[in-house]
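Listed here are the chains, written in short residue letters.
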Amino acid sequence: MKSFLLILLASGLFYPGIVSAQILNPTVVDIPMRDGKTLKADVYLPNTTGTFPTILIQTPYSRILYRLNLPLGTGKQLSSSPYAFVIVDWRCFYGSANACIATPKRGEDGYDVVEWINTQSWSNGKIGTWGPSALGGIQYQTARENPPALDCIAPLVAGSQNNYLQTFPGGAAITEHIEQLDGLGFGLSPIYYANPVKNLLWQIAESTSLYPSEIKVPTFMIGGWYDHNVELMTELYNALQTSSDISVKDQHRLLMGPWAHGGFGTAYVGSGQQGELFYPEAAGWSDSLALKFFDFYLRDLPNGWENTPKVQYFQMGQNTWEGSSSWPPTGTFNQTLFLHETGEIQPFSPTVSSGHLTYTYDPNDPSPTHGGPTLRADQLQGPYDQSNIVESRNDILLFSSQILTNPVIVKGKPYAELYVSSNRLDTDFAIRLTDVYPDGRSMLLSDDIQRMRFRNGYTAADTMAMTPGQIYHIRLTLPDIAYTFLPGHQIRLDVSSANYPRFNRNMNTNGPMYPNLNGDTLVNPLVATNTLYINSSQPSSITFPLTDSLSTGLDFSRENSLPLEIYPNPASETVVIRLSTTLQKINVVRLYDLSGKIITEDFSPDFSTGEYVFQVGKWPEGIYIVEISSPEGLGWKKLIVAGN
């Protein structure tokens, strides 16, 4: 009963409004495998005559649940569907439990099912696959085997990869995720907790699970910005674009919406409601585009699918769909913002020489997880307000920008560079990025963590205890995102030492992390006093990939406040920057083209004579932006580069 309830919770990913009195009655079949065993399957046909293209779903969550509703908007209206559906229990699960073997080869099973479908009298020989999460991962394994009758695949919120950092981000186990997988019957926690460092097992897993060159069918990947698999999907999509079979390299597509992973609650791929936010502009897009994909490849409909953008993504904040030929889109540039002792985020580094902030972290009372890319059924999923549950505590540091005057348009991976220390031999540093609304809500966008024993790498040889009081420089990279911080909002970065139970809580002892292969055991935990440094020598910061250097909304009152001259202008060889006032320090000189791309930057500019000289003779003709940053503000001017 417990397992069945867990499955019902998981089924929320597939069917909104799942509870119904009416039950579909498929034909139940046993599909033969090459080893002589059979997999149990349900076959749904629109009617008893004719032939049909088929959508195959392979599930570890019981095929019987689909008798309540078929996916892709079909529901119970099977007679009006142009597709047959075949839904198969994985080997070792539910109806296929009797076919269990020690090391199932699920790709080979998928191959055998595809080829069985192709021989049936009701099949027209056109076959595609669909499904989210684990149902998505098995599609890559099936496609890798290259069954001749397979035409296309549509994996949702899934990649093919088994990556160390996906299970141990920053070296800390994703506790609630692993526990949910155990609850669903996968039983992987003993393997994970016995291998908490990047060892040979992980090297083999990673090298054998990324195989873009072996994918020879069009692939439509559907993901969500609030999902935990964002990085797997963007990595795999880019690999498919460059390395998959030349016959299909240009046919792959990626759709990224404002969606969580799903599996329970109201948030799932394609729903409008996500956490505490509602995105009506995205509701139903995943199903409608997946059907367009299938109609093109399985029904040969001339619906223009081949002309759709390779990447379609939802720009959250402004809530619009956009298209690009790649991810991330071209034309972004990195803008670094600095944390200040006052709790501000500013576009210039601190001037103080010894600024720092300190807080305590108690493993017995860790900073709680409140929403985000969670998986466990008792956890909230998607964007939630952090202000009351998380940010009101005394074990967290908050840094906020001033109220924005223009949109800040982010496309790509933000990252934070922190200077930190602790009085313990090991501890964690965790960050959360939020959007602070005018009404005070601090809505979670993404998070990351770094376990300090892994600051130099993730192999056993890399691990090293901290020296109490020593300052370390760490970098935490947030997942890809497409987000617009709107005028009237603020950008916020939260810094703490836990995000529990999303991540395993550090005991601060530098001892075994998972004693007795238990993912959440406290053995003589210690309270840590942790420090974040924010001064001119240790300038902790966050960097965003932005699209427009002149419309970032980060201009505040200090933007373009420095009086500078540049000459000659236009220039063809040498350019001089001259300041008309004496500044305490120049942090950086940057030069951008009009797309926002940084052409060059100098973090040690020499203004000792009051002037700074640089060469432009090799630059293409055009308009550029010269920008200088000082503790006293920012200044910029246009520069025209003309030919000789």
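Please read these numbers as outputs of a predicted model, since none were measured by experiment.

Conventions adopted
Residues numbered from 1 in each chain as written. Predicted model: local features only at pLDDT ≥ 70, side-chain atom pairs only at ≥ 80, totals over all residues. Heavy atoms only, no water. Helix = DSSP H or I, 4+ residues; strand = E, 2+ residues; numbered from the N terminus. Rg over C-alpha atoms; globule rule 2.2 N^0.38 Å. Buried < 20%, exposed > 50% of the residue type's maximum accessible area, 1.4 Å probe, protein only. Areas by Shrake-Rupley, 256 points an atom, 1.4 Å probe, with all protein chains shown as cover. Lys, Arg positive; Asp, Glu negative; His and termini not counted. Charge placed at Lys NZ, Arg CZ, Asp CG, Glu CD. Phe/Tyr/Trp six-rings, centres within 6.5 Å; stacked < 30°, edge-to-face > 60°. Lys NZ or Arg CZ within 6 Å of the ring centre and 35° of its normal. Salt bridge = Lys/Arg side-chain N within 4 Å of Asp/Glu carboxyl O. Contact = heavy atoms within 4.5 Å. Expected span 1.5 Å × (residues − 1). Pairing = 2+ DSSP bridges. pLDDT = per-residue confidence, 0-100.

(A) Local environment of the overall build of the protein chain. The number of helices and strands found in the protein chain is nine helices and 32 strands. Against the 2.2 N^0.38 benchmark of 26 Å for 644 residues, the protein chain shows a C-alpha radius of gyration of 27 Å, consistent with a compact globule. Here the C-alpha coordinates of the protein chain stretch approximately 85 × 65 × 45 Å along the principal axes. Here the protein chain holds 644 residues, and 58% of them are scored as buried. For the protein chain, the accessible surface area stands at approximately 24,400 Å², while carbon and sulfur atoms represent 51% of it. Taken together, the 41 basic and 59 acidic charged side chains of the protein chain have centroids lying 5 Å from each other.

(B) Spatial organisation of the packing of aromatic side chains. A full pass over the atoms with the stated rule returns 33 aromatic pairs. Three or more aromatic residues link up through ring pairs in this structure, and these residues are Y164, F168, Y192, Y193, W202, F454, Y458 and Y514. Note that R441 overlies the ring of Y437, its terminal NZ or CZ placed 4.5 Å from the centroid. R505 extends its terminal NZ or CZ atom over the ring of Y500, reaching a point 4.3 Å from the ring centre.

(C) Fine view of the pattern of salt bridges. All told, the structure shown has 28 salt bridges when counted by the stated rule. K413 is the salt-bridge partner of D480, the closest N and O atoms lying 2.8 Å from each other. Pair noted here: D480 is in the loop between β21 (472–477) and β22 (481–485) and K413 is in the loop between β17 (408–412) and β18 (415–422), with a separation of 67 residues, a long-range link. For K413, a relative accessible area of 34% corresponds to the partly exposed category. Several salt bridges share partner residues, and in doing so they unite D42, R63, R67 and D89 into one network.

(D) Region of interest: the side chain of Q386. Take Q386: it is sitting in the loop between β15 (356–361) and β16 (397–401). Take Q386: its relative accessible area is 0%, and that puts it in the buried class. Every residue in contact with Q386, bar those within four places of it in the chain, is listed here: H370, E391, R432, T434, S442, L444 and D494.

(E) Molecular detail of helix α9 (residues 285–298). Along its 14 residues, α9 runs 19 Å from first to last C-alpha, staying within 8% of the 20 Å computed at 1.5 Å per residue. Within α9 the residues assigned to the buried category are S286, L289, A290, F293, F294, D295, Y297 and L298. Looking one or two residues past α9, D300 carries a phi angle of roughly 60°, positive in sign.

(F) Structural view of the pairing of β21. Side chains Y472, I474 and L476 project from β21 onto a buried face, and the interleaved H473, R475 and T477 project onto a face without burial. For β18 and β21, the ladder comprises six bridges, and the chain directions are antiparallel. Paired with E417 across the bridge in β21 is R475.

(G) Local environment of the confidence of the model for the protein chain. The predicted model of the protein chain averages 91 in pLDDT, with 93% of residues at 70 or higher. Ignoring residues within four places in sequence, the model shows residues 555–559, a span with pLDDT below 50, making 17 contacts including any to other chains.

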